[in-house]
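Here's the letter readout for the chains.
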Amino acid sequence: MTNLELAHEHERAGRYAEAYDGVMVAVHDLTGAARADRAGGGDDLADALMLASRLCQRLGRHEEAQRHLAHAADITRTGDPEIRLRVMVDHADLLRARGHYGDADVMLGDALALAEESCGPDSLAVVQVCNSLGVLHKYTGRFDESERAYQRALRIVEALHGTDHPYLADINHNLGGLNHARGTHALGEPFARRAVEIRLLVRGPAHPEVSGDQVALAAILRELGEDEEAERLLRDALAVFEEYFGPEHYEVASTLNNLAAFQYARGDLGTAEATYRRVLTIKEGLLGEGHPELALTLNNLAATLRASGRPKEAVTLLERALNLLDGMVERDHPVRLACLENLGACRRSTSSPKAR
């Protein structure tokens, strides 16, 4: 087994740090092969660099991920279009993760055109692009476009491979998340449960990708009043994430954010505030202080402060959240609307005679 094959095995098992160490050995070896112009050296090097980038993102190292993808893009500009497509989609996903939504949209539009032309309109290459477009459009509030992209991907995969292909775990996960963002939680639950079922078949239990699906399902179950199952899923997922990634990882922050909602609902406002502040600190460290994704956490923390009788502090957080979202999402995006509603309530509280 080559170093690259071993790195892929570690990735599938969720051993991301080990996978990264192995793939960097492969990158070194394959760089020499590519320079010697040995057959397949450039394609294998691009594969290794894309894997290295994915692993860096899993480990919260986005600058390194960007460098690996830039290298992969350089060596695939004139070559196999399918490999170039994979680089483009990975690059667009990274741009979206870093908050560069407009750049990601342009790149995915180019990628879709290339996929349809070079691989066909009903190919798995189109599925990959459509899935990424669906995620991006959900983040920016273009929900109808997001659903069309996901449904196109779903139809293609089911026509080609039936109902248990690994891609379907991603697509069902994302359709569940889209319905959660729209507030149509009952429609999203079957998708979210199907994602967990497929991922368990592919990865097995106690794997971080399964835990990611469980967190998404838990968010929907909470909205449907299934609190006991939802909280159990979140605590199980948090234990897996902390074991695999440590306490300062993005998945840990996302899971803590959902657990804080239970603390808030129970009236344990002090604990909820502390949890939301921990989430904010982790995400600021990973994403930077200007990332639009921070707005959701800022809104949740502000709501907790408002409920604690501290509306002035909440106003500052909500104004920051709205500044982060300005120009990045649609004006009717649910997070933006929630921030505006909370800001209005806080300002009314601070201007009332009682507040003075």
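Here, the structure is the one placed above.
Residues numbered from 1 in each chain as written. Predicted model: local features only at pLDDT ≥ 70, side-chain atom pairs only at ≥ 80, totals over all residues. Heavy atoms only, no water.

Overview of the overall build of the chain
Defined as follows: Only DSSP runs of H or I with at least four residues qualify as helices, and only runs of E with at least two residues qualify as strands; both kinds are numbered from the N terminus onward. For the radius of gyration, the atom set is restricted to C-alpha positions; the globular benchmark scales as 2.2 Å times the number of residues to the power 0.38. Only protein chains enter the accessibility calculation, which uses a 1.4 Å probe; a residue whose area is less than 20% of its type maximum is buried, one above 50% is exposed, and one in between is partly exposed. Note on areas: Shrake-Rupley with a 1.4 Å probe; residue coverage comes only from the protein chains shown. In this charge count, Lys and Arg are treated as positive and Asp and Glu as negative; neither His nor the chain ends contribute. Charge coordinates come from a single atom per side chain, which is NZ of Lys, CZ of Arg, CG of Asp or CD of Glu.
When its secondary structure is counted, the chain shows 17 helices and zero strands. Since a compact globule built from 356 residues should have a radius of gyration of about 21 Å, the 21 Å found for the chain is in line with a globular shape. Overall size of the chain, expressed as C-alpha extent along the three principal axes, is 80 × 40 × 40 Å. A total of 356 residues make up the chain; the buried ones form 51% of that total. Summed over its atoms, the accessible surface of the chain is roughly 16,300 Å², and 49% of this surface lies on carbon and sulfur atoms. Across the chain, the 40 positively charged side chains and the 55 negatively charged ones have centroids separated by 7 Å.

Observations concerning helix H8 (residues 143-161)
Think of an α-helix as turning once every 3.6 residues; residues three or four places apart then point the same way. Selection criterion: To estimate how far a helix should reach, multiply one less than its number of residues by 1.5 Å.
The terminal C-alpha atoms of H8, which comprises 19 residues, lie 27 Å apart, in line with the 27 Å expected from a rise of 1.5 Å per residue. Turning to H8, its buried residues number three or more, namely Phe143, Ser146, Ala149, Tyr150, Ala153, Leu154, Ile156 and Val157. Of the residues trailing H8, Gly162 is marked for its positive phi of about 85°.

Focus on the nonpolar core
Convention followed: Side-chain atoms within 4.5 Å link the members of a nonpolar core, which is a set of buried Ala, Val, Leu, Ile, Met, Phe, Trp, Tyr and Cys residues. By definition in these notes, contact holds between two residues if any of their heavy atoms fall within 4.5 Å.
Counting 48 residues, the largest nonpolar core has Leu4, Val23 and Leu55 as the members making the most contacts within it. If you tally residues by element for this core, the top one is helix H3 (residues 41-58), at nine residues. Filtering out sequence-adjacent residues up to four positions away, Leu55 remains in contact with Glu11, Tyr16, Ala19, Tyr20 and Val23. Of all hydrophobic cores here, the second largest spans 33 residues; its members include Ala111, Leu114, Ala115 and Ile198.

Concerning helix H4 (residues 62-75)
Spelled out, the test is: In this description, one arc is meant: the one made by directions from the helix axis to the C-beta atoms.
With 14 residues, H4 ought to run about 20 Å at 1.5 Å a step, and its terminal C-alpha atoms sit 20 Å apart, in line with that. Those residues of H4 lying buried are His62, Ala65, Gln66, His68, Leu69, Ala72 and Ala73. The arc enclosing the buried residues of H4, seen along the axis, measures out at 165°, which places them on a common side.

Some thoughts on the packing of aromatic side chains
Selection rule: The rule is short: rings of Phe, Tyr and Trp, with Trp giving its six-membered ring, pair when the centres are within 6.5 Å, and they are stacked under 30 degrees, edge-to-face over 60, tilted in between. Counted as over-ring charges are cases with an Arg CZ or a Lys NZ within 6 Å of the ring centre that also lie within 35 degrees of the ring normal.
In total, this model carries four aromatic pairs according to the counting rule given. With a centroid separation of 5.5 Å and an interplanar angle of 15°, the aromatic rings of Tyr16 and Phe245 are classed as stacked. Placement of the pair is Tyr16 in helix H2 (residues 16-35) and Phe245 in helix H12 (residues 227-245), with a sequence separation of 229 residues. Their ring planes at 20° and their centres at 6.1 Å tell us that Phe241 and Phe245 sit as a pair that is stacked. Remark: Phe245 and Phe241 occur in helix H12; sequence separation between them is four residues, near one turn of the helix. Since its relative accessible area comes to 14%, Phe245 is described here as buried. Of the aromatic side chains, those joined through ring pairs into one cluster are Tyr16, Phe241, Tyr244 and Phe245. Arg61 extends its terminal NZ or CZ atom over the ring of Tyr20, reaching a point 4.6 Å from the ring centre. Over the ring of Phe262 we find Arg222, and its NZ or CZ is 5.6 Å from the ring centre.

Side note on the packing of helix H9 (residues 166-182) against helix H11 (residues 208-223)
Which entries qualify depends on this criterion: Working convention: axes come from line fits to C-alpha atoms, limited for helices to the stretch in contact. Angles between N-to-C directions cover 0 to 180 degrees. By the definition adopted for this analysis, an angle is roughly parallel if under 35 degrees, roughly antiparallel if over 145, roughly perpendicular if from 65 to 115, and oblique otherwise. A clockwise turn of the near helix away from the far one marks a right-handed crossing, whereas an anticlockwise turn of less than a right angle marks a left-handed crossing. Throughout this entry, Asp, Glu, Lys and Arg are counted as charged residues, while Ala, Val, Leu, Ile, Met, Phe, Trp, Tyr, Cys and Pro are counted as nonpolar. The remaining residues, Gly among them, count as polar.
Contact pair H9 / H11: the axes reach a minimum separation of 10 Å and the direction vectors enclose 30°. Judged by the angle between their axes, H9 and H11 are roughly parallel. Between H9 and H11 the crossing geometry is left-handed. Across the interface between the two elements, His173, Gly176 and His180 of H9 pack against Gly212, Asp213, Ala216, Ala219, Ile220 and Glu223 of H11. Residue composition of the contact of H9 with H11, by class: three nonpolar, four polar and two charged.

Thoughts on the side chain of Asn342
As a reminder of what qualifies: Definition of a polar contact: a pair of N or O atoms within 3.5 Å, with one able to donate and the other able to accept a hydrogen when the atoms are protein atoms, and with sequence-neighbouring residues admitted only if both atoms are side-chain atoms.
Within the secondary structure, Asn342 sits in helix H17 (residues 334-351). At 2.7 Å, the side chain of Asn342 and the side chain of Asn299 are in polar contact. Other than its neighbours up to four places away in sequence, Asn342 contacts Asn299, Ala303, Arg306 and Leu318.

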